[in-house]
Amino acid sequence: MRDTPPPLPLLLVEGAHASYGARRVLCGLNLAMRPAEILVLLGPNGAGKSTLIKAMSGRLKLASGTIAIGGLDPARDPAASRLCGIVPQNIALFEKLTAQENLEAFGRLMGLPARNIAATAVATLDRVGLADRARDRVGALSGGMRRRINIAAAMMHGPKILVLDEPTVGLDYEARAGLAQLLKDLRLSGLAILLTTHDMDEAEALADRVAVLVGGVVKAEGPPRELIASLFRGRRQVTLALSPDAVRRNPAVGDALTAAGLARRPDSATWCGLVTGSETTFESLIRSAVVAGAVIEEVRVRQPDLTTLLSTFVADDRKEAK
Amino acid sequence: MRAAVFRVMALSLWRDPAALAMSFALPGLVFVIFANIFAGASGGDLNLRVALADLRADGVSQRLTDNLFADKRLTRTDASALDLVQVQELVRRGEADVGLIIRKGGRPLDDLGADGAPPLLIMGDPGREIAITMLAGALQKAYFAALPDAAVRSIADLVDRKFAPFNPEQKVRIEKGLEAMRTASDSRDPQGFRLDQLFERQNAVANVSVAAPAVTYYAGGVAMLFLLFSALTGAMSYLDERESGLLDRLATSPGGIGVLIDGKFLFLILQGFIQVLVIYLVAWGAFGVALPQNAGPWAVTTLAAALAAAGLAMGFVTLCRSKQQAQTLGQMLILVVSAVGGSMVPRYLMPPPVQALGWVTPNTWALEAYASIFSRADALAAMVLPWCILAAIGLAGLFVAHVVARRAV
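What counts as what
Residues numbered from 1 in each chain as written. Chains lettered and ligands numbered in written order. Predicted model: local features only at pLDDT ≥ 70, side-chain atom pairs only at ≥ 80, totals over all residues. Heavy atoms only, no water. Core = buried A, V, L, I, M, F, W, Y, C linked by side-chain atoms within 4.5 Å. Buried < 20%, exposed > 50% of the residue type's maximum accessible area, 1.4 Å probe, protein only. Helix = DSSP H or I, 4+ residues; strand = E, 2+ residues; numbered from the N terminus. Contact = heavy atoms within 4.5 Å. Domains from an automatic or database assignment. Salt bridge = Lys/Arg side-chain N within 4 Å of Asp/Glu carboxyl O. Buried area = accessible area lost by both parts, 1.4 Å probe. Axes fitted to C-alpha atoms, helices over the stretch in contact; angles between N-to-C directions. Parallel < 35°, antiparallel > 145°, perpendicular 65-115°, else oblique. Left-handed = near helix turned anticlockwise from the far one by under 90°. Nonpolar A, V, L, I, M, F, W, Y, C, P; charged D, E, K, R; others polar. 1 Å grid on protein atoms, 1.4 Å probe; cavity = no way out; pocket = protein on both sides within 12 Å on 5 of 7 lines; lining within 4 Å. Points joined across faces, edges and corners; volume = space filled by probe spheres on them.

Looking at the nonpolar core
- Ranked by size, the top nonpolar core spans 127 residues in total, and within it Ile149(A), Ile151(A), Leu162(A), Leu183(A), Leu186(A) and Tyr280(B) carry the most contacts.
- Sorting elements by how many residues they give to this core places helix α8 (residues 213-235) of chain B first, with 14 residues.
- Apart from residues lying up to four places away in sequence, Ile149(A) is in contact with Leu93(A), Ala99(A), Leu103(A), Leu125(A), Leu130(A), Val138(A) and Leu141(A).
- In this structure, Leu11(A), Leu39(A), Ile69(A) and Ile86(A) belong to the second largest nonpolar core, which totals 31 residues.

And the structure:
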C-alpha cells in the first residue's frame, strides 16, 4: 500500500528579499505552508513578520525571490492575495453596525455577489459560534466575541489561508481558550492558519509547526516539541539566584558556575544556562556553589521551551551581527 | 463596493444620536443665532436705545423728539424726565446705547444762526461709536422733518447778516413763508414744504426679496463653516480604520483602499448637501430667503461646496498621522480658513489684503456663488467659475487622499 503524498504547499516562499530603503527586512526567507495546518511565526519585533504578511497580501514587491499562494504571485495577480484572509491585531470592525451587517459589509467590499452575501454572513457567524448574536451591535459584544467576528470578517470571501496577527491580545483566559478551540476547528475544516504571536504558551498549544524568524530569515521550523528536542538534545534550562555578594566574597563560585556552562545575567546575581546532564549533575553543580561559600536564594531546573528556543536564536543572531 | 462603504457611513451616523444632532440640528441652530445677531448689526433691524433728557421741554423740542422717535429703529429708554447725569449714567452702564440732551441754554433749537452753544448734546460710549453716528443721522433727518422753518430761517438770517440784508417787506414775506412751512410740517401735508426728502432709496438688485440681506450672507457663511467641520469629523473615521488595521484587511479586496476613500467621499458630499439644505430651509422658512425660486443654482452651488469640503477633508486626514493631530490641526485650519474666507465676518468689512486672501479659500468661492444667486441675481454664467473652482478643490483633495492612502498600506 502506498502512502498518501503530502498536499502541495498552499504558500511557498523561496529566497525572499525585501528592504525599506537601506534597511534589509527579509534576507532570503524560505517558508512553506500546507492546507489544514496551523503555522506559528515566532520572532522578535522587526524580524520581518509584518513584511512577510504585506508581501503575501500583494502590498509589497519583493526585491528578489518568490512568493506563491495557490501557485499565484500576489504581487502580479490580485487573485493570489484574495486567497488570504487578513485578521489585524486590533478589532477592525464597524462598531455601530451589528455582527451580521459587519460581515455583509466586508462581503461586499471583498466583491462577493450580492445574492450570496446574507447567507454567507449567517453561515460564517455560525462557524465562529456567534449565530445567535447576529443582530447585536459589535460595540456591545464582549472582547472575545469581537475577536471572533474579527476573524469571521476575514473569512467572508472564502480564503484558503487565514493570517492572524496576535489574535488573543487583551483576552482573558476563558476567551483565549475559546479562540484557540475556534482556530483548531477552522484548521479541521481545511483552512491553513498563519499566526504571529509573542505568547509562547499559546504558540506551543496551537502550532502544528512553528517557524523561528530572526533577522529576516527562518532560522528553524518544525513541530514545537521536535524542534526543541532537536536543538537542545536533552539539555535543561538551569537558573541559580545567589546572594548578591556571593561572587565578590568568593570568586571561585563564579568560576565553578562558568565551568558548568552558566552565564551571569547582567547587573544581577542570577546565573542561567543550558546544562547537559542528569539529576546528579545538577546536584553537584549546586553543591559546588554552596561549598564555595555562596548562599543560594533560588534554583530552577526545567525543560527548554519556545521562549528558550527563540532567545537562543536571537542571541546567536546578535553575536553574528557583532 | 463604494455603496457598501457609503452604507456603513450612513448607518454609523444614523445610530449615533450625538453625531446626528451635530450634523443636522446644530448648523440650523447656529445659523438662526448668527442671523439674528448679525442681521441686526448690519442695520436691517437694529434697535437703538436712546436715553433722552429734554431740559428745554417746550413745543419746539417736543416736535423734534416726536419726529425722532417716530423712527422705529429708535427706542426711548425712559418715558420719565431725565437729567444730564442720569443720561450719562444710563449710557455708562450700557442700559442705553446713546444719550441725547436738549440743552436749556445755548442757541434756540429753531434759530441755529444765533450765538451760543449748540442746542443738542449727544452722550456716547466710544465702544459703541456706531450708535452715535446713527443717532446723529436720525437727528438731522428728524430736525429737517420737524422744523423745516427753523432750518430755512437760519439760512435766511445768515443771508441777511452776511450777504444781502432783506428789506422790511421781504422780511414780512419770509415770515409768512416760514409760518406756512411750519403749518405744513405740523399737519404732515405731503404738498407742504419739507426738507427731509433729500433722497429716495432703491435696491440695486431687483429680485432680492429678503428683509435683511445679512441673513442671506450668513446662510452661506454658516453652511460653509459646518460643511468643513462635518466633513472633517466624517473623514476622521478613516484614521480609526487605519489604526485598527481595517486598511490592511481591505488591501486584499478587489477595489483596494480606493473603494474606501471613494465611498467616504460620496457619503460626505451627501451629508454636506443635506446639512446645507437644512440651513437654507430654515433661512427660507424663518427669514424669507428665496430658496424655492433659486433651487436649481442653489443645488449646484451646494453640491460643489460639499464636494470641495469632502475632498479637502479626505485629503487632509490621509496626511495626518493620528486622529488627535487631525482634530487639533483640522479645527485650527477650518477656523482660520472660515475667518479669512468670510464665514464669520462679512467680506466687505475686511481690509483689502484679507479680502484678496479669501480667494484661496473654498468659503469665499461658495459665498460668491451664493451671493450671485440670492443677492445679485446674476445670470448662471457668473456662477460657473465658482462652481468649477469648488469642484476642482474637491477633486484635488480626493486625488491626494488616493495617493497618500495607497502609500500608507
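Considering the environment of Asp245(A)
- As for its position among the elements, Asp245(A) is in the loop between β10 (236-242) and α9 (246-249).
- For the pair Asp245(A) and Arg147(A), spaced 98 residues apart in sequence, the C-alpha separation works out to 49 Å.

Brief notes about the side chain of Glu241(B)
- Considering the arrangement of structural elements, one finds Glu241(B) in helix α9 (residues 237-244).
- Taking the relative accessible area as the measure of exposure, Glu241(B) reaches 8% and is therefore buried.
- Among residues more than four places away in sequence, those in contact with Glu241(B) are Phe94(A), Leu246(B), Leu247(B), Leu260(B) and Lys264(B).

Observations concerning unusual backbone geometry
- Not every positive phi belongs to a glycine, and Ala36(A) is a case in point at roughly 55°.
- Relative accessible area serves as the criterion here: at 37%, Ala36(A) is assigned to the partly exposed category.

Points about the domain arrangement of chain B
- Here the domain parsing of chain B yields domain 1 (2-41 + 211-408) and domain 2 (48-186).
- Here the C-alpha centroids of domain 1 of chain B and domain 2 of chain B sit 52 Å apart.

Comments concerning the pattern of salt bridges
- This model, assessed by the stated rule, comprises 23 salt bridges over all chains.
- Here Lys219(A) makes a salt bridge to Asp317(A), at a shortest N to O gap of 3.8 Å. Of this pair, Lys219(A) sits in strand β9 (residues 217-222) while Asp317(A) is found in helix α12 (residues 306-321), placing the two residues 98 residues apart along the sequence.
- Across the pair Arg73(B) and Asp71(B) runs a salt bridge, and its minimum N-O distance is 3.2 Å.
- Several salt bridges converge on common partners, so that one network encompasses Glu89(B), Arg92(B), Arg93(B) and Glu95(B).

What to know about the interface of chain A and chain B
- On the chain B side, the residues contacting the 29 residues of chain A number 23 residues.
- Together, the buried faces of chain A and chain B total about 2,300 Å²; carbon and sulfur atoms form 61% of this surface.
- The largest per-residue losses of area from chain A upon contact with chain B belong to Arg59(A), Lys96(A) and Leu109(A), which jointly make up 28% of the total buried on that side.
- Seen at the junction of chain A and chain B, the total is one salt bridge.

A look at the packing of α8(B) against helix α12 (residues 295-319) of chain B
Residues and elements named next belong to chain B.
- Relative orientation of the contacting elements α8 and α12 amounts to 40°, with a least axis distance of 8 Å. When the axes of α8 and α12 are compared, the pair comes out oblique. In this structure, α8 meets α12 at a crossing whose hand is right-handed. Note on element contacts: α12 touches α8 through Ala 305, Ala 306, Ala 309, Ala 310, Leu 312, Ala 313, Met 314, Phe 316 and Val 317, opposite Met 224, Leu 227, Leu 228, Ala 231, Leu 232 and Ala 235.
- Of the residues that constitute the contact of α8 with α12, the class distribution is 15 nonpolar, no polar and no charged.

What to know about empty space enclosed by the protein
- Applying the stated criterion across every chain, the model contains two cavities of 30 Å³ or more.
- In this structure, the largest cavity occupies an estimated 40 Å³ of space.
- Around the largest cavity, the lining residues are Cys84(A), Gly85(A), Ile86(A), Met110(A), Ala153(A), Ala154(A), His157(A), Arg249(B) and Thr252(B).
- Looking at the lining of the largest cavity, the elements with two or more residues in it are β5 (84-87) and α5 (143-155) of chain A.
- Residue classes in the lining of the largest cavity are distributed as five nonpolar, three polar and one charged.

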